[in-house]
Amino acid sequence: MDQQIVNAIFIGSIYALFAVGYTLVFGILDILNLAHSAVFMLGAAITYSVVVNHGQSFAVAAVIGLVASGFMGLVIEYVCLRPLRRRQAPPIAALISTIGLALVIVAAVEQGQVGSLFSWLWVDGSNSLAFPAGTVPDPTWHVGDLTLEASKVLIIPISIALMLILGYVMRFTQVGRGLRAVAENPRAARLMGLDVDRMITLTLVISSALGGLAGILFGLSLGDISPYIGRDNVEVRGLAVIVLGGMGSIPGAVIGGYLLGLIEILALVTLGSNARGGVAFAALFLMLVLRPQGLFGTRLRERL
Amino acid sequence: MDFFISLFSDPVGFWNSHTLLISQIGINGIVATSMFLVLYSGQLSLAAPGFMAIGAYTSVLMDLYLHTPLFLNVVVGVLLAGVVGVLVGLPVLRLRGVFLAIATIGFIEALRLGVVLNLPVTGEGLGLKNPNADPLGGVPIILVSLVVVLFIVWRLTKGRLGSAWSAIRQDEIAALSQGIYVARYKMIAFVLGALIASYAGALEAHLNFFVDPGDNQYGVTRAVQILTFAVLGGSGYVLGPVVGASLVTLFPYIFSSAGDYINVITGIFLIAVIVFRPQGIVGRGGFAIVRPAWWPRARLSAPSPG
């Protein structure tokens, strides 16, 4: 049981890191960026590919993976969102265009085989792979009857530090003030002299880089990298996390991530492995029905 | 290209060799119509695959254990989905926009992962064998059903109900202030959508020897696909979603030269439509597309002096 709780905290950290990016975009743009889970997968896949197929060290690969994920943020903004924002399309349009981008990313990785168009990106098709042993030094400690692997333990300080930095930036810096102004009222922000488009681009780059980082950490610690890790592991769970914590709230997403990890592990222990997914979604459904603003959301915005 | 050549040069052969494809188009068309109905009343509900699962499992299980005729199985499945639709709709329809979408995703995944994959009677994760399936004989029923469903939905959108839905879609609060009973009309659309979706699900189960509880069948992937049908085809007219469904289902055949890269093409096409043709393929404005920002404006030249 103790070991299970430790596992819940590991997986919860990854959920939290992923969901922070999700909720950042929702909080500022009021749209769901459904390409986020594809970026999560892309970060892990590129890092793996650079390490294994291009023979670089893990540090180089992780940086390339992060830069590539951040670049996907630019692609999301310029291809999927800006043309729609320009003509004030309803949020459902952005939902569909980001789904389209997610489809393209996943299909490109999935078709990456030796000799194919995308072989520079990925060569293992739809296989599920782990980083070869020794990619990163991974000592294991035993504390009492707990087994702690460095690759998993490190996730916790990394994610907490990143989320603290993000919280600091959002709350106390000029950039953060600008982002919050855009979230509150884009038109007023523009009238106050803010470059709203640039703020939104910045949001997407930060959000995608965080998503990619979550993917890299996921691949490193769980040893499961495939074109489908985004779709299977975090796409809908990320929604559950941001709903639990309150849509658009960064602390909410963090707490929600750990909460979901805990709920899932408790379901796993008490009800068996089959119930795990179902319990998470039942929690999501109940939360939306009983308290749609989430645990930490203030209120649902009513547009008149 | 062979695909289309055979469609025109040898229609009978085409019909015989692509029966399954045609019935799949019909099924997807019916589901897309259910999505249209829900979108028409201004609700972004992704619950259709959940109701399809209810219809499919109910009818197959009745066939397996009670040996009742197909007609009765489908009717019971549809009615059960209607009851579930009311029960789910009561709490969920208070939510709007993206929140409704997320809540319905919660519903379908809780149903699939929590119920279907855990009950011994539904075969858990292994799926359910359906020995009495009839993959080829269902086409006439499906095509007739598609036409009937389209006609009913089209009539509904033209009547009192349709006006109420339009009003709610355009501005819910304004509709409320005009004395339209918003909650009731939303519920009617939601439950009708549930009935149609479960009907399609029951028919689809009858086509396959195996009911697969996978994500592609009754999960989020399917929900997203159905939403794609409706938005790609255009959710302003009844025929739009059906056109979208046919197009998406036929995509691998239309772009057969793309081979394995078909999803790349589909994704790019989806983005292109939503960016350049926001109303969908079938929509107002004939063949007009949105001018992209980088495309030069048409220059109006002054008439030359005669």
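In the block above lies the structure referred to throughout.
The structure contained in this document is the topic of the report that follows. (Residues numbered from 1 in each chain as written. Chains lettered and ligands numbered in written order. Predicted model: local features only at pLDDT ≥ 70, side-chain atom pairs only at ≥ 80, totals over all residues.)

### Overview of the overall build of chain B
Then comes step 1: A count of helical and extended segments in chain B gives 14 helices and 2 strands.
Then comes step 2: Taken over the C-alpha atoms alone, chain B extends approximately 85 × 55 × 30 Å along its principal axes.
Then comes step 3: Long-range contacts, defined as pairs at least 24 residues apart, comprise 77% of the intrachain contacts of chain B with a sequence gap of at least 6. (Helix = DSSP H or I, 4+ residues; strand = E, 2+ residues; numbered from the N terminus. Contact = placed C-beta atoms within 7 Å.)

### Examining the overall build of chain A
Then comes step 1: When you go through chain A residue by residue, the secondary structure sums to 12 helices and 2 strands.
Then comes step 2: Listing the helices and strands of chain A from first to last along the sequence gives α-α-α-α-β-β-α-α-α-α-α-α-α-α.
Then comes step 3: The C-alpha radius of gyration computed for chain A amounts to 19 Å, which stays within 12% of the reference 19 Å derived for 304 residues, consistent with globular compactness.
Then comes step 4: C-alpha atoms of chain A, sized along the principal axes, occupy 55 × 50 × 35 Å.
Then comes step 5: Here chain A holds 304 residues, and the buried ones make up 52% of them.
Then comes step 6: By sequence separation, contacts in chain A at least 24 residues apart represent 71% of the contacts at least 6 residues apart. (Rg over C-alpha atoms; globule rule 2.2 N^0.38 Å. Buried ≥ 20, exposed ≤ 12 C-beta atoms within 10 Å, placed from the backbone.)

### Details of the interface of chain B and chain A
Then comes step 1: Contact with chain B, which involves 38 residues of that partner, is made by 37 residues of chain A.
Then comes step 2: At the level of secondary structure, the elements contributing two or more residues to the side of chain B that touches chain A comprise helix 5 (70-92), helix 6 (97-116), helix 12 (220-233) and helix 14 (262-276) of chain B.
Then comes step 3: Ranked by residues supplied to the side of chain B that touches chain A, first place goes to helix 6 of chain B with 12 residues.

### Points about helix 4 (residues 91-110) of chain A
Then comes step 1: Across its 20 residues, helix 4 of chain A extends 29 Å between first and last C-alpha, which sits within 8% of the 28 Å expected from 1.5 Å per residue.
Then comes step 2: Taking burial as the measure, the 20 residues of helix 4 of chain A include 19 buried ones, the bulk of the element. (Expected span 1.5 Å × (residues − 1).)

### Focus on the nonpolar core
Then comes step 1: Membership of the largest hydrophobic core comes to 186 residues, with the highest contact counts inside it found for Ala240(A) and Met35(B).
Then comes step 2: Of the residues forming this core, the biggest block, 16 residues, is contributed by helix 1 (residues 2-29) of chain A. (Core = buried A, V, L, I, M, F, W, Y, C linked by C-beta atoms within 7 Å.)

### Description of unusual backbone geometry
Note: most residues except glycine have negative phi, and most peptide bonds are trans.
Then comes step 1: The backbone of Asp30(A) sits at a positive phi, close to 65°, despite the residue not being glycine.
Then comes step 2: For Asp30(A), a count of 17 C-beta atoms within 10 Å corresponds to the partly exposed category.
Then comes step 3: A positive phi angle is found at His67(B), which is not glycine, with a value near 55°.
Then comes step 4: Here His67(B) shows up in the loop between helix 4 (48-66) and helix 5.
Then comes step 5: For His67(B), a count of 9 C-beta atoms within 10 Å puts it in the exposed group.

### Some words on the environment of Ile173(B)
Then comes step 1: Its location among the elements puts Ile173(B) in helix 9 (residues 172-177).
Then comes step 2: Put simply, Ile173(B) and Phe287(B) are 114 residues apart on the chain and 33 Å apart in space, counted from C-alpha to C-alpha.

In short, the description is geometric, and any link to function would need to be established separately.
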